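Residue strings, one per chain:
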Amino acid sequence: MYQLKKVCTMMAALGLSSAMLMNPVNAATSNDKSPVTNGVSQQLKGDSKTVNSLNDLLPTIKYTTENLPKTAREVNNATWSVGEKIDRNTGTKLQALLNWHQHGVGPVDGYWGKNTRKAMQAFQKANGLKVTDNLNDETWQALRASERLTSQPVLVRYTIKEGDVNIKTTNIPASAEGKSELEGMYYESITEGLAEKFHINEKYLKSLNPNTSFRAGETITVYNPGNPNTKPVSRVVADKDTETLYAYDDNDNLVASYPTTVGSSATPSPSGTHTVEVKVHEPNYTYSADDGGQLIIPPGPNNPVGIVWIGLSKPSYGIHGSPDPARISRQASSGCVRLTNWDALALLGTIKDDATVEFR
């Protein structure tokens, strides 16, 4: 019986176009950053290598705000005042504002929880605000300071395309042997793929669209993911205590933060400072058995390292995606830095080849 060794091991066995070594990221500071989407998300403007990489990696999302259902309008119009409970409408709005300020909350679900609190605290640190355990008026006002940003719709309407539903799906077996025999580690359902495309919790997506069959041509309510950070990242810090990955530019400005799982007590992450050695889109994964045997798990979003591998100078360790975004910061990792697939893609498109990775 093969078992995964308690280290985060990745072999550089790549398959044709399913794995892509990324080009070096332009070190120049980009002025392309704009969380304002105006009907199209993740179609970035500019001609820097960072922007070109992100446009290659991320799906362009065209949406509309016409015929929004009542539930969506309530989220988009939600506000918060001191003393009020954060209900699901306000929670979704809060998560969107944090995401649009480049402090990721994981899959949007509308609930106040660990990852939302961590994102808020990263936002507070980045903006010189008092760091708190609960939302306060100072933070809420700072999140809403940009009228162009706050005028963006949180929930929007999207017409499902043929490409959204004509995808390969599979049943993921529990065993490493079974996984190694698959053609690819594809999504297990169309809704899983849609949820990941829109950075939203799959159950929340279904609850927003209770009478939908999720077929091509149907118009559904989805979360508007906005645009990612476009400033090149020269340093990241994996903080084991806060379970957050902090990304910095050449001027040591915090430009983004992502919820993460950093090792575990059984398989701790390394300490110290390391460098990025390799960047791979759609990697496969090598399981190593206790008897020395190996199994190659094919690429795909449900691969153990998701769809991104950023290998470090510390052998067998890296930053990577995840097949289970809802469990980020709520699970142990085998020593590596685990992100949602969309956060890993955003980082892959911006992190420089010589970037440093610090573990704290």
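All values derive from a computational prediction rather than experimental measurement.

Examining the overall build of the protein
In terms of helices and strands, the protein carries 11 helices and 16 strands. In the protein, which comprises 360 residues, the proportion classed as buried is 56%. The contacts in the protein between residues at least 6 apart in sequence include a share of 63% that link residues at least 24 apart. Element-wise, carbon and sulfur atoms account for 46% of the exposed surface of the protein, whose accessible area totals about 15500 Å².

Some points on the nonpolar core
Membership of the largest hydrophobic core comes to 43 residues, with the highest contact counts inside it found for V236, L245, I319 and L347. Among residues more than four places away in sequence, those in contact with I319 are V236, L245, V308, W309, I310, V337, L339, L347 and V357. With 38 residues, the next largest nonpolar core counts L97, V108, V154 and L194 among its residues.

Focus on the pairing of strand 7 (residues 244–248)
Across the 5 residues that make up strand 7, a large majority, 5, are buried. Here strand 7 shows a buried face lined by T244, Y246 and Y248 and a second buried face lined by L245 and A247. Sheet analysis places strand 6 (residues 233–239) next to strand 7, joined by 5 bridges and oriented antiparallel. Its bridge partner lying in strand 7, D239 is registered against T244. Hairpin geometry of strand 6 and strand 7 is characterised by an intervening segment of 4 residues between the two adjacent antiparallel strands and by a positive phi of about 50 degrees at E243. With 5 bridges connecting them, strand 7 and strand 8 (residues 254–259) associate as antiparallel partners. Bridge pairing in strand 8 places Y246 opposite S257. Taking the residues that link successive antiparallel strands as the turn, the strand 7-strand 8 hairpin has 5 residues, and the phi of D252 there is positive, at about 65 degrees.

Points about the confidence of the model for the protein
Per-residue confidence for the protein averages 89 on the pLDDT scale, and 87% of its residues sit at or above 70. Taken as a whole, residues 1–7 scores under 50 in pLDDT and shows 21 contacts with residues more than four places along the chain or in a different chain. A low-confidence stretch, residues 9–33 (pLDDT under 50), is modelled with 70 contacts involving residues beyond four sequence positions or located in other chains.

So, the pattern of salt bridges
In the structure shown here, the tally under the stated rule is 10 salt bridges. For K168, the salt bridge is made with E183, and the minimal N-O distance between the two is 3.5 Å. Placement of the pair is K168 in the loop between helix 7 (162–165) and helix 8 (176–180) and E183 in the loop between helix 8 and helix 9 (190–197), with a sequence separation of 15 residues. Overall, the relative accessible area of 49% leaves K168 in the partly exposed class. One continuous salt-bridge network, built from bridges that share partners, spans R235, D252, E358 and R360.

So, unusual backbone geometry
A negative phi angle characterises most non-glycine residues, just as the trans form characterises most peptide bonds. Phi is positive for H199, which is not a glycine, with a value near 55 degrees. Tracing the chain through its elements places H199 in the loop between helix 9 and helix 10 (202–208). You can call H199 buried: its relative accessible area is 12%. Located in the positive-phi region is E243, a residue other than glycine, with phi close to 50 degrees. Positionally, E243 belongs in the loop between strand 6 and strand 7. Residue E243 is classed as buried on the basis of its relative accessible area, which comes to 15%.

Cut-offs used in this document
- Residues numbered from 1 in each chain as written.
- Predicted model: local features only at pLDDT ≥ 70, side-chain atom pairs only at ≥ 80, totals over all residues.
- Heavy atoms only, no water.
- Helix = DSSP H or I, 4+ residues; strand = E, 2+ residues; numbered from the N terminus.
- Buried < 20%, exposed > 50% of the residue type's maximum accessible area, 1.4 Å probe, protein only.
- Contact = heavy atoms within 4.5 Å.
- Areas by Shrake-Rupley, 256 points an atom, 1.4 Å probe, with all protein chains shown as cover.
- Core = buried A, V, L, I, M, F, W, Y, C linked by side-chain atoms within 4.5 Å.
- Pairing = 2+ DSSP bridges.
- pLDDT = per-residue confidence, 0-100.
- Salt bridge = Lys/Arg side-chain N within 4 Å of Asp/Glu carboxyl O.

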